[in-house]
Amino acid sequence: MDVRIEQSWKEALSPQFDAPYFEALADFTRRAYATGTVYPPGREIFAAFDACPFNEVKVVILGQDPYHGPGQANGLCFSVSPGVKIPPSLQNIFKEVHDDTGAPIPDNGDLTRWATQGVLLLNNTLTVEAHRAGSHQGHGWETFTDAAVKALSDNRTGLVFMLWGSPAIRKGAVIDRSKHLVLTSPHPSPLSAYRGFFGNHHFSQANAFLVRQGKTPIQW
C-alpha cells in the first residue's frame, strides 16, 4: 500500500504497510473520515513522522489519543496549533520545562519547534472521533505505533524515551534499555501531575544524556 509518509519512515516501517492489519486499519480510517468528524485533519495523521525523520529522532514522547475537540489535534502529541487554547496537560508540561530548565513558558501550544529539533511526538492512536476519547483504539493504530517505537529501539542508539503514565510505560516494553535512556513518571494530566510529573526533571535529564552522546541538546 502506498502511504503518504516521510520517506525515511516509509522505509523503516515498510513491512507494516502491506500487513493485513494495516489494510483493515486504512479501510476503517477512510470510512471514519467519510462518514463522521475525525481528528486530526487527514493530511496531518502522520504529521509526527513528517516533522521528524527517522534518522533525526533524538527524543520520543509518547501520548495516547489525539485531542478530540474542534481545531485542537494537529498530529503531534500534546501539541495544538497557534491560536488554540493550551490544554491543561500541555500547560503542566510547560510548567515542568520552565521549572526544570528555566525556559520561558510559550504563549502558544504548537510543539512543531520541538519536532524539528528531533523530538518525535507520537500518539498511541493516530486518529479519534470528535468528542469521543479513545474511539479509534483497537483498530490497529497501536500495532503500527508499537512498530515505530521498536524500529527506533532496534535500529538507532542513544535515544531518550519519555513515558508518562501507565499506558505509555507499557508501550515502552519493547525498548532496549541497554541502548537508550528511558524516563518514566506519572502523566502530566491535572489528575496525576502532582503525583510525580512535576519535579521529574525529564527535560534536563534528556539534554544531559544527549550531550554525553555528542548530540545537540533540545531547546525546550
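Report on the accompanying structure.

Criteria and cut-off values
Residues numbered from 1 in each chain as written. Predicted model: local features only at pLDDT ≥ 70, side-chain atom pairs only at ≥ 80, totals over all residues. Heavy atoms only, no water. Helix = DSSP H or I, 4+ residues; strand = E, 2+ residues; numbered from the N terminus. Polar contact = N/O pair within 3.5 Å; in protein donor to acceptor, adjacent residues only side chain to side chain. Expected span 1.5 Å × (residues − 1). Buried < 20%, exposed > 50% of the residue type's maximum accessible area, 1.4 Å probe, protein only. Contact = heavy atoms within 4.5 Å. Phe/Tyr/Trp six-rings, centres within 6.5 Å; stacked < 30°, edge-to-face > 60°.

### Section: the side chain of Lys 58
With respect to the helices, strands and loops of the structure, Lys 58 is situated in the loop between helix H4 (47-51) and strand E2 (59-63). Within the structure, the side chain of Lys 58 is placed 2.8 Å from the backbone oxygen of Thr 216, a separation counted as a polar contact.

### Regarding helix H5 (residues 88-101)
If you check H5, its first and last C-alpha atoms are 20 Å apart, about what 14 residues at 1.5 Å a residue would give, namely 20 Å. Every buried residue belonging to H5 is among Ser 89, Leu 90, Asn 92, Ile 93, Phe 94, Glu 96, Val 97 and Asp 100, and all of these are buried. In this structure, the buried side of H5 is in contact with helix H6 (112-115), strand E5 (160-164) and helix H9 (202-212). Two residues or fewer past H5, Gly 102 is found with a positive phi of approximately 85°.

### Quick look at the packing of aromatic side chains
Enumeration according to the criterion identifies 20 aromatic pairs in this entry. Ring geometry for Trp 9 against Phe 49: centres 4.8 Å apart, planes inclined by 75°, an arrangement best described as edge-to-face. With Trp 9 in helix H1 (residues 7-12) and Phe 49 in helix H4, this pair connects stretches of sequence that are 40 residues apart. Comparing Trp 9 with Phe 49, the two get one shared label, buried. Ring centres of Phe 94 and Trp 114 lie 6.4 Å apart, and the angle between their planes is 85°; this geometry places the pair in the edge-to-face category.

All we've got here are geometric facts, nothing functional implied.
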